[in-house]
Amino acid sequence: IKYQTTLNKSEIEFLAGYSFEKYQTRSSFIRAQDFADQNLQYINSAATIVSASTDAFDDGLRSFFARANYNFDNKYILTLTARVDGSSRFGENNRNGFFPAVSAGWRISQEKFFKIKPVSELKIRASYGLTGNDDIPPFLYAELYGNTSYGGQPGIYPSNIPNPDLKWESTAQLDVGLDIGLFKDRILLTADYYNKQTKDLLLSRPLPTSSGFSTITENVGEVENKGIELSITSQNLQNKKLTWTTTVNFSANRNKVLKLYNNQPIDDLGRGSNRIEVGEPIGIFYSYESLGVDPSTGDIVYKDVNIDGEITSADRTKVGNPHPDFIAGLTNTFTYKGFDLSIFFQASYGNDVFNGSRLYLESLQGGDNQLAVVLDRWQNPGDITAIPDATNDPVRAASNKRVSSRFIEDGSYLRLKNATLGYSLNKKFLQKRKIANFRFYVSAQNLLTFTNYTGLDPEVNYRGNDNAVIGTDFFTYPQARSFTIGCNLGF
């Protein structure tokens, strides 16, 4: 429900609402084998039922929210928001979370004392607020049991350690921004500084396996994200026939873990050995530092960090950071008569990628096909190469292919992400035929990529959007280069 009113130079708006989401999951799985005929592959045609299972759970989110906007003379703007969210993923005592926010803006360019002619718009703004996160599997707060059988007898077993104290993960964010318009808004500049403090981080904390469980999900940490975002839009050329607009975006984020359970690192995550450690960004690569191949033995030499004369787990150290120093984008848009062309480049600089595919494709072991670089492997004393010996000794072979900085690569790239060319038919021609618009277009995605990364795609992660296991490529399917031809038709 929304209410709006105007009092002299004041514009006031109130909004209140209620929302709810409910998810129901029901699944059944049956596996069978030993069919009399390959054309009769139905469950009732099988001689043996190998396994069967069913699953069901309900999940829900209920929210109350409100917002108040105040605008005085289009100069002073104030917004207050608040929401109460209740999630079934937490116990009854911690189910609800309260998340308020406030933002304010001052359009200095509307003041009478402001007389800088080239500046057509000048606005400063600031905001502070809380947001919540409940992105964990359902019912981890409760005591859950699974079904099993042993010796032909049915049974149940505890499938998790209940945690009734689970609660919302919350992020407090401060934002300060500046908007500038120059030369009647032909050039628009936006600059933002933000500082996010996330507490009660929802993480799976490792447990001693002697407990019967490997992890427990708890609110165990605090994380900081702070950085800047810049955007410049320029109307380079604008007349009746030809227009050209350019938009540049730049963003630099710095991530740091501030607190963990007893400040104990969460270690050895994923195939690239990601690590969560206080004082470091989330998901740093933590393994052995490779010093290259010893020309006399053909074995990989690892740095003896603690200088004890042996290479042990105590010599593991930070060998890479999957977070980029900055990301950027460049969009150019052209129009000429009925034609329009948009070209978008995106870039990432300074991020490391663990190329887990190379761990197998350069191992000189197993049944995996090898990359051509193994032809330059060490073969004789004195050989200078980056590929170790093709040894049959299992101890040497295991040491040479251990997770290390050898497989860490620079994941920086510049990519032509999208290019679209379109043509719109003349409006007068369309109006006679009672058609509002008719546009043909051709579009291409991921057209070109410039990178030193040796894998298929630097912009992938084998664990999807996992926040802890990041920057790892393990036979990951690259983003497809796609082409689209279409039309937009409106009546």
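Quick caveat: nothing in here was measured; it's all calculated off a predicted structure.

Quick word on the overall build of the chain
Then, in step 1: A tally of regular secondary structure across the chain gives 3 helices and 26 strands.
Then, in step 2: Considered along the principal axes of its C-alpha atoms, the chain spans approximately 80 × 60 × 60 Å.
Then, in step 3: Within the chain, residue pairs in contact and separated by at least 24 positions form 61% of the contacts whose partners lie at least 6 positions apart.
Then, in step 4: A distance of 15 Å separates the average location of the 51 positive side-chain charges in the chain from that of its 53 negative side-chain charges.

Looking at the pattern of salt bridges
Then, in step 1: Enumeration according to the criterion identifies 26 salt bridges in this entry.
Then, in step 2: The residue Asp58 makes a salt bridge to Arg26 at a minimum N-O spacing of 3.0 Å. Taken together, the residues span a long stretch of sequence, with Asp58 in strand 3 (residues 46-72) and Arg26 in strand 2 (residues 10-35) at a distance of 32 residues.
Then, in step 3: Residue class for Arg26 comes out exposed when judged on its relative accessible area of 54%.
Then, in step 4: The partner of Arg125 in a salt bridge is Asp192, and the shortest N-O contact between them spans 2.7 Å. Placement of the pair is Arg125 in strand 6 (residues 119-133) and Asp192 in strand 10 (residues 187-206), with a sequence separation of 67 residues.
Then, in step 5: On the basis of relative accessibility, which here comes to 23%, the residue Arg125 falls in the partly exposed class.
Then, in step 6: Ionic contacts of the salt-bridge type, sharing partners, join the residues Asp267, Arg275, Glu277 and Arg316 into one network.

Things to note about the environment of Ile470
Then, in step 1: Summarising the element assignment, Ile470 is placed in the loop between strand 24 (437-451) and strand 25 (472-473).
Then, in step 2: Along the primary structure Ile470 and Pro158 are separated by 312 residues, whereas in three dimensions their C-alpha atoms are 31 Å apart.
Then, in step 3: In contact with Ile470, other than residues within four places in its own chain, are Asn274, Ile282, Gly283, Phe285, Pro322, His323 and Asn461.

Quick look at the packing of aromatic side chains
Then, in step 1: A full pass over the atoms with the stated rule returns 16 aromatic pairs.
Then, in step 2: On the basis of an interplanar angle of 25° and a centroid distance of 5.4 Å, the ring pair of Phe326 and Tyr349 is categorised as stacked. Separated by 23 residues along the polypeptide, Phe326 in strand 19 (residues 326-336) and Tyr349 in strand 20 (residues 339-349) bring together distant segments of the chain.
Then, in step 3: Of the residues examined, Phe326 reaches a relative accessible area of 28% and is grouped as partly exposed.
Then, in step 4: Judged by its relative accessible area of 46%, Tyr349 is partly exposed.
Then, in step 5: Against the face of Tyr261 rests Arg205, its NZ or CZ located 3.8 Å from the ring centre.
Then, in step 6: Positioned above the aromatic ring of Tyr302, the side-chain terminus of Arg402 is 5.0 Å from the ring centre.

Section: the sheet that holds strand 14 (residues 274-276)
Then, in step 1: Spatially, 13-14-15-18 is the arrangement adopted by the 4 strands of the open sheet, whose pairing is antiparallel. Strands with a single pairing partner mark the edges of an open sheet, and in this sheet they are strand 13 (266-269) and strand 18 (317-320). When the angles between neighbouring strand axes are averaged without regard to direction, this sheet yields 45°.
Then, in step 2: Two strands pair when backbone bridges link them, and strand 14 and strand 15 (residues 284-287) are joined in this way by 2 bridges, in the antiparallel orientation. Bridge pairing links Arg275 to Ile284 in strand 15.

With respect to the pairing of strand 15
Then, in step 1: Of the two faces of strand 15, both are covered, the one formed by Ile284 and Tyr286 as well as the one formed by Phe285 and Ser287.
Then, in step 2: Sheet topology places strand 15 next to strand 18; 3 bridges connect them, and they run antiparallel. Counterpart to Ser287 in the pairing with strand 18 is Thr317.

Looking at the nonpolar core
Then, in step 1: Leu201, Leu203, Val220, Val223, Val257, Leu260, Ile266, Leu269, Ile276, Ile282, Ala468 and Val469 form the largest nonpolar core, which has 12 residues in total.
Then, in step 2: Put simply, the parts of the chain that give this core at least two residues each are strand 10, strand 11 (215-238) and strand 13.
Then, in step 3: Other than its neighbours up to four places away in sequence, Leu260 contacts Leu203, Val220, Gly221, Pro265, Ile266, Ile276, Glu277 and Val278.
Then, in step 4: One finds Phe90, Phe99, Ile136 and Leu140 within the second-largest nonpolar core, a separate group that totals 7 residues.

Quick look at the sheet that holds strand 22 (residues 408-410)
Then, in step 1: As summarised here, the arrangement of the 3 strands in space is 22-21-25, forming an open sheet in which the pairing is mixed. Looking at the sheet topology across the chains shown, the edges are occupied by strand 22 and strand 25.
Then, in step 2: Inspection of the sheet shows strand 21 (residues 352-355) paired to strand 25 by 2 bridges, in the parallel sense. Across the sheet, residue Phe354 finds its bridge partner in strand 25, namely Thr472.

Brief notes about the environment of Arg186
Then, in step 1: Tracing the backbone through its elements, the reader meets Arg186 in the loop between strand 9 (169-182) and strand 10.
Then, in step 2: For Arg186 and Gln235, which are 49 residues apart along the polypeptide, the C-alpha to C-alpha distance reads 5.2 Å.

Things to note about unusual backbone geometry
Then, in step 1: Notably, Asp200 is not glycine yet its phi reads approximately 55°, a positive angle.
Then, in step 2: Among the structural elements, Asp200 can be located in strand 10.
Then, in step 3: Positioned with a positive phi, Asn263 is a non-glycine residue whose angle comes to about 55°.
Then, in step 4: With respect to the secondary-structure elements, Asn263 resides in the loop between strand 12 (242-259) and strand 13.

Examining the side chain of Asn446
Then, in step 1: Mapped onto the fold, Asn446 is located in strand 24.
Then, in step 2: Take Asn446: its relative accessible area is 9%, and that puts it in the buried class.
Then, in step 3: One polar contact links the side chain of Asn446 to the main-chain carbonyl oxygen of Ala480, over a distance of 2.9 Å.
Then, in step 4: Sequence-distant contacts of Asn446, that is, excluding residues within four places in its chain, are made with Arg415, Leu416, Lys417, Gln479, Ala480 and Arg481.

Reading the values: rules and limits
- Residues numbered from 1 in each chain as written.
- Predicted model: local features only at pLDDT ≥ 70, side-chain atom pairs only at ≥ 80, totals over all residues.
- Heavy atoms only, no water.
- Helix = DSSP H or I, 4+ residues; strand = E, 2+ residues; numbered from the N terminus.
- Contact = heavy atoms within 4.5 Å.
- Lys, Arg positive; Asp, Glu negative; His and termini not counted.
- Charge placed at Lys NZ, Arg CZ, Asp CG, Glu CD.
- Salt bridge = Lys/Arg side-chain N within 4 Å of Asp/Glu carboxyl O.
- Buried < 20%, exposed > 50% of the residue type's maximum accessible area, 1.4 Å probe, protein only.
- Phe/Tyr/Trp six-rings, centres within 6.5 Å; stacked < 30°, edge-to-face > 60°.
- Lys NZ or Arg CZ within 6 Å of the ring centre and 35° of its normal.
- Pairing = 2+ DSSP bridges.
- Axes fitted to C-alpha atoms, helices over the stretch in contact; angles between N-to-C directions.
- Core = buried A, V, L, I, M, F, W, Y, C linked by side-chain atoms within 4.5 Å.
- Polar contact = N/O pair within 3.5 Å; in protein donor to acceptor, adjacent residues only side chain to side chain.

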